[in-house]
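# Structural overview
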Amino acid sequence: MNILLLGSGGREHALAWKMVKSHHCDKLFIAPGNAGTAEFGTNLDLSVNDFEAIKNTCLEQKINMLVVGPEEPLVKGIYDFFQKDPQLQNIIVVAPSAEAAQLEGSKAFSKKFMQRHNIPTAGYAEFTSENFEEGKKYIAQHSLPIVLKADGLAAGKGVVIVNTHEEAIQVFEEMIIHKQFGEASSKVVIEEFLQGIEVSVFALTDGEVYQIIGHAKDYKRIGEGDTGLNTGGMGCVSPVPFMDTLFMQKVEERIIKPTINGLYKEELSYHGFVFFGLMNVKGEPFVIEYNCRMGDPETEVVMPLLQTDLVALFAAMDNGTLIDANISFDQRSCATVMAVSGGYPGEYRKNLRISGLADWRIDNSDSMVFHAGTKQVDDVVVTNGGRVLAVTSYGNDLGEAVAKSKKVLQKISFEGMYYRSDIGYEFA
Ligand code: AMP
Ligand code: GLY
């Protein structure tokens, strides 16, 4: 099979690493990819949102399978674009329909979906400019802290948590009246704050049945001890010690099964990843959010632990045999530590030369260096984003895995490189 993978981050590097292991994978193309993905296939200079150009590439390269990394093309309807086009209909597209992708693309849609299917989540209300005054009254009597969410996609920045009613009203006004996140914040969801520990569970579904392919805990804050600004993710660990049989049972019965049954009953077409962003509140799972894709950097620990052939799973999802798939996991622990450019998540520099990479060949030891934001310029690899490298390692326990990744990072450098040295600290 010829496969086209869309995206350019550590997630895509990890997916490429995993997919080329499959004997079903003949040629792999990555668009646009990065310096790391080029080791496993051919990078193509295409935008993930340029569906016409993606179509042309699929026809030229005789693509049989399209795998979509990031959320934007999913929410913009890449699945539907392929389904509607007779020339593309035979390509297996690993993605939900645009309608189903609203589970990620609209917080209000996902909240209503959860209510319809009795899936545990924080209580909420939604507002627009039309009931703005009512929203202010709602905020004034709301318990603290208050969580405000822009309804649409906001590049991971649309959630604000505040500790006073005054701040909440300010943020509410910024979002709705001043359109802080453009159209994405013309509707705002206000929800209760859930106190607990976050964990993400990943499944593959064909819209009728599912298979759990892993879970991970990520570390979102820039500073050690979970302090400072939110980032795209500074590291991940898996498996998470509190994800025992009892908790997983609750997650499956109360969350995963009702979600997949809900998709089926509502005839929401879905052939792809479901990312369940959960909060463990004193042993009880609640949904914080759905995403219709893999997480980044969660993929960088989930793929190394998944032993099952991923391309075969995608094919099974397409031909109705997903239920029969045998999912097995590496029994070791896995951790990834993200090296970022100085200043991130604020302003940071790009095009910084990365040294030390030549010492590390992916997949030949207990560590792997996944490229998150890099590009090749002549024979040099330079930084090309805030998050630059995700260094993943296996270990007998999480502490050992993290220690190995940090050891690799000591050999790699670029100007201003920073990473959190405390990933997995609460489980050490
Ligand atoms: P999201 O963009 O939905 O992933 O939200 C970003 C982050 O905000 C989540 O990962 C949580 O850390 C936090 N968050 C979102 N909703 C809530 C909530 N209801 N209670 C507590 N924290 C939340
Ligand atoms: N690491 C969180 C995400 O991918 O949304």
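One structure accompanies this document, and this report is about it. (Residues numbered from 1 in each chain as written. Chains lettered and ligands numbered in written order. Predicted model: local features only at pLDDT ≥ 70, side-chain atom pairs only at ≥ 80, totals over all residues. Heavy atoms only, no water.)

Once that is clear, we can look at the packing of aromatic side chains. The final tally for this structure, using the stated rule, is 13 aromatic pairs. Their ring planes at 55° and their centres at 5.4 Å tell us that Phe-51 and Phe-81 sit as a pair that is tilted. Here Phe-51, found in helix α2 (residues 51-60), pairs with Phe-81, found in helix α4 (residues 78-84); they are 30 residues apart in sequence, far enough to count as distant. Measuring from ring centre to ring centre gives 5.8 Å for Phe-276 and Tyr-290, while their planes differ by 65°; the resulting arrangement is edge-to-face. Remark: Tyr-290 occurs in strand β16 (residues 284-291) and Phe-276 occurs in strand β15 (residues 270-281); sequence separation between them is 14 residues. For the pair formed by Phe-276 and Tyr-290, the shared burial category is buried. Ring-pair connections join several aromatic residues into one group, and the members of that group are Phe-127, Phe-132, Tyr-138 and Phe-172. (Phe/Tyr/Trp six-rings, centres within 6.5 Å; stacked < 30°, edge-to-face > 60°. Helix = DSSP H or I, 4+ residues; strand = E, 2+ residues; numbered from the N terminus. Buried < 20%, exposed > 50% of the residue type's maximum accessible area, 1.4 Å probe, protein only.)

So, on to the sheet that holds strand β8 (residues 159-162). Strand order in the open sheet formed by four strands is β6-β9-β7-β8, with antiparallel pairing between adjacent strands. This sheet does not close on itself; its edge strands, each paired only once, are β6 (124-127) and β8. On average, adjacent strands in this sheet sit at an angle of 20° to one another, irrespective of strand direction. Relative to β8, strand β7 (residues 146-150) runs antiparallel, the two sharing four bridges. By the bridge assignment for β8, Leu-148 is matched with Val-160. Packing against the sheet, helix α6 (residues 107-116) makes contact with β6, β7, β8 and β9 (188-192), and its axis sits at approximately 140° to β6. Sheet contacts for helix α8 (residues 165-176): β6, β7, β8 and β9; angle to β7, the most-contacted strand, approximately 5°. (Pairing = 2+ DSSP bridges. Axes fitted to C-alpha atoms, helices over the stretch in contact; angles between N-to-C directions. Contact = heavy atoms within 4.5 Å.)

This part takes up the site of ligand 1. Taken together, 15 residues lie near ligand 1, and Glu-191, Leu-194, Glu-198, Lys-220 and Glu-289 sit nearest. Between ligand 1 and the protein, one listed contact pairs a nitrogen atom with a backbone N or O atom of Leu-194 at 2.8 Å. Lys-220 places a side-chain nitrogen or oxygen 2.8 Å from an oxygen atom of ligand 1. Across the complex, the protein chains shield 88% of the 470 Å² of accessible surface that ligand 1 would expose by itself. Looking at the shell around ligand 1, the elements with two or more residues in it are β7, β8, β9 and β16. Residue composition of the shell around ligand 1, by class: eight nonpolar, no polar and seven charged. (Near = heavy atom within 4 Å. Polar contact = N/O pair within 3.5 Å; in protein donor to acceptor, adjacent residues only side chain to side chain. Areas by Shrake-Rupley, 256 points an atom, 1.4 Å probe, with all protein chains shown as cover. Nonpolar A, V, L, I, M, F, W, Y, C, P; charged D, E, K, R; others polar.)

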